[in-house]
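Each chain, letter by letter, is given below.
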Amino acid sequence: MQYSPKVMDHFMNPRNVGEIEEASGIGEVGNAKCGDIMRIYLDIEDEIIKDVKFMTFGCGSAIASSSMATEMVKGKTIHEALAVTNKAVAEALDGLPPVKMHCSVLAEQAIKSALIDYAKKNNIHIPELDGVV
Ligand code: FES
Ligand code: FES
């Protein structure tokens with residue numbers, strides 16, 4: 001399987017690994033097939049994602065996808081972060097092998113799930129997240 005240098009870089013030197021104490025929102029998602037689990041912590045202030053950390057127990061592509069996704073949402077508004085799709089993450093990594101695309105889906109879902117948690121905790125409604133699990 002051929003991985004891009006960017007995937008290898010984010011796998012070997014993942015950015016934003018860790019946890020945030022008293023995070024504004026935490027999202028955890030998993031893929032039942034491969035058993036991988038990804039957790040994203042968001043620190044949100046005035047609708048801006050001030051900080052983001054991740055813990056991923058999974059394959060190299062899942063780690064690279066989480067690392068890239070955290071970089072893409074850091075410093076962004078909630079609405080900008082919602083535009084970070086799994087396709088955008090995979091493209092930013094210069095592509096993922098087709099059988100590894102679901103790893104980037106996990107990253108998109110983890111961010112959305114953390115935003116849903118944030119919205120619930122703060123009693124706010126984010127229309128884009130309606131119907132998203
Ligand atoms: Fe190996 Fe996901 S399939 S860790
Ligand atoms: Fe399942 Fe990568 S193989 S997340």
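Just so it is clear, the structure is predicted and the values come from calculations on it, not from any experiment. Per chain, residues are indexed from 1 in the order of the written sequence. Each chain is given a letter, starting from A, and each ligand a number, starting from 1, according to the order in which they appear as written. In keeping with the predicted nature of the model, local features appear solely for residues at pLDDT of at least 70, side-chain atom pairs appear and are counted solely at 80 or more, and the whole-chain, interface and lining totals rest on all residues.

Considering the overall build of the chain
Scanning the chain from N- to C-terminus turns up five helices and three strands. Segments assigned H or I by DSSP are reported as helices when at least four residues long, segments assigned E as strands when at least two residues long, and all are numbered from the N terminus. In the chain, the succession of helices and strands from N to C terminus is α-β-β-β-α-α-α-α. Relative to a compact globule of 133 residues, whose C-alpha radius of gyration would be 14 Å, the chain shows 14 Å and is just as compact. In terms of overall dimensions, the chain has C-alpha extents of about 45 × 25 × 20 Å along its principal axes. Of all 133 residues assigned to the chain, the portion counted as buried reaches 38%. Here, residue contact means that the backbone-derived C-beta atoms of the two residues sit within 7 Å. Taking the intrachain contacts of the chain between residues at least 6 apart in sequence as the baseline, contacts between residues at least 24 apart amount to 59%. The size measure is the radius of gyration over C-alpha atoms, and the globule rule it meets is 2.2 Å times the number of residues to the 0.38 power. Every C-beta atom is placed from the backbone, and the number of other C-beta atoms within 10 Å of a residue's own sets its class: buried at 20 or more, exposed at 12 or fewer, partly exposed in between.

Details of the packing of helix H1 (residues 5–12) against helix H2 (residues 60–73)
Helix axes are fitted to C-alpha atoms over the stretch in contact, other axes to C-alpha atoms as well, and angles between N-to-C directions run from 0 to 180 degrees. Direction vectors running N to C along H1 and H2 enclose 85°, while the axes themselves pass 8 Å from each other. It follows from the interaxial angle that H1 and H2 lie roughly perpendicular. Contacts between H1 and H2 pair Val-7, His-10 and Phe-11 from the former with Gly-60, Ser-61, Ile-63, Ala-64, Ser-67 and Met-68 from the latter. Note on residue classes: Ala, Val, Leu, Ile, Met, Phe, Trp, Tyr, Cys and Pro are nonpolar, Asp, Glu, Lys and Arg are charged, and everything else, Gly too, is polar. Of the residues that constitute the contact of H1 with H2, the class distribution is five nonpolar, four polar and no charged. Angles are sorted into four bins: roughly parallel if under 35 degrees, roughly antiparallel if over 145, roughly perpendicular if 65 to 115, and oblique for all others.

So, unusual backbone geometry
Look at Asn-16: it is not a glycine, yet its phi comes out positive at around 60°. Inspection of the secondary structure assignment puts Asn-16 in the loop between H1 and strand S1 (25–30). Judged by the 19 C-beta atoms lying within 10 Å of it, Asn-16 is partly exposed. One non-glycine residue with positive phi stands out, namely Glu-22, at about 50°.

Observations concerning the UniProt feature "domain: NIF system FeS cluster assembly NifU N-terminal" (unreviewed entry) in the chain
UniProt positions are given in the numbering used here, feature names are shortened, and annotations may be inferred rather than shown by experiment. Listed under "domain: NIF system FeS cluster assembly NifU N-terminal" (unreviewed entry) in the UniProt record, and renumbered for this structure, are residues 2–123. Secondary structure across residues 2–123 comprises 46% helix and 20% strand; the distance between its end C-alpha atoms is 44 Å.

Regarding the pairing of strand S2 (residues 37–45)
Any two strands with at least two DSSP bridges between them are considered paired. Alignment of S1 against S2, held across six bridges, turns out to be antiparallel. The residue of S2 that forms the bridge with Gly-30 is Ile-37. Linking two consecutive strands that pair antiparallel, namely S1 and S2, is a turn of six residues; a positive phi of about 80° is found at Gly-35 within it. Of the strand pairs in this sheet, S2 and strand S3 (residues 48–57) are connected by nine bridges, and their pairing is antiparallel. Its bridge partner lying in S3, Ile-37 is registered against Phe-57. Where S2 folds back onto S3 in an antiparallel hairpin, the turn is made up of two residues, including Asp-46, whose phi is positive at roughly 50°.

Comments concerning the nonpolar core
Nonpolar side chains in soluble globular proteins tend to be buried together. Among the nonpolar cores identified, the biggest contains 32 residues, and Met-38, Ile-40, Leu-42, Ala-110, Ile-111 and Ala-114 are the most heavily contacted of them. At the level of secondary structure, the elements contributing two or more residues to this core comprise S2, S3, H2, helix H3 (78–82), helix H4 (86–92) and helix H5 (101–122). The element best represented in this core is H5, accounting for eight residues. When residues no more than four places from it in sequence are discounted, the contact partners of Ile-40 are Gly-27, Val-52, Phe-54, Ala-110, Ile-111 and Ala-114. For this entry, the nonpolar core is defined as buried Ala, Val, Leu, Ile, Met, Phe, Trp, Tyr and Cys residues connected by C-beta atoms within 7 Å.

Examining the packing of H2 against H5
At their nearest, the axes of H2 and H5 sit 8 Å apart, and the two run at 40° to each other. The angle between H2 and H5 falls in the class oblique. Helix-helix and strand crossings are classified by hand; for H2 and H5 the assignment is right-handed. Judged by residue contacts, Ser-61, Ala-62, Ser-65, Ser-66, Ala-69 and Val-73 of H2 engage Cys-103, Ser-104, Leu-106, Ala-107, Ala-110 and Ile-111 from H5. For the contact of H2 with H5, the residue count by class is eight nonpolar, four polar and no charged. In this scheme the handedness of a crossing depends on how the near helix is turned from the far one: anticlockwise by less than a right angle means left-handed, clockwise means right-handed.

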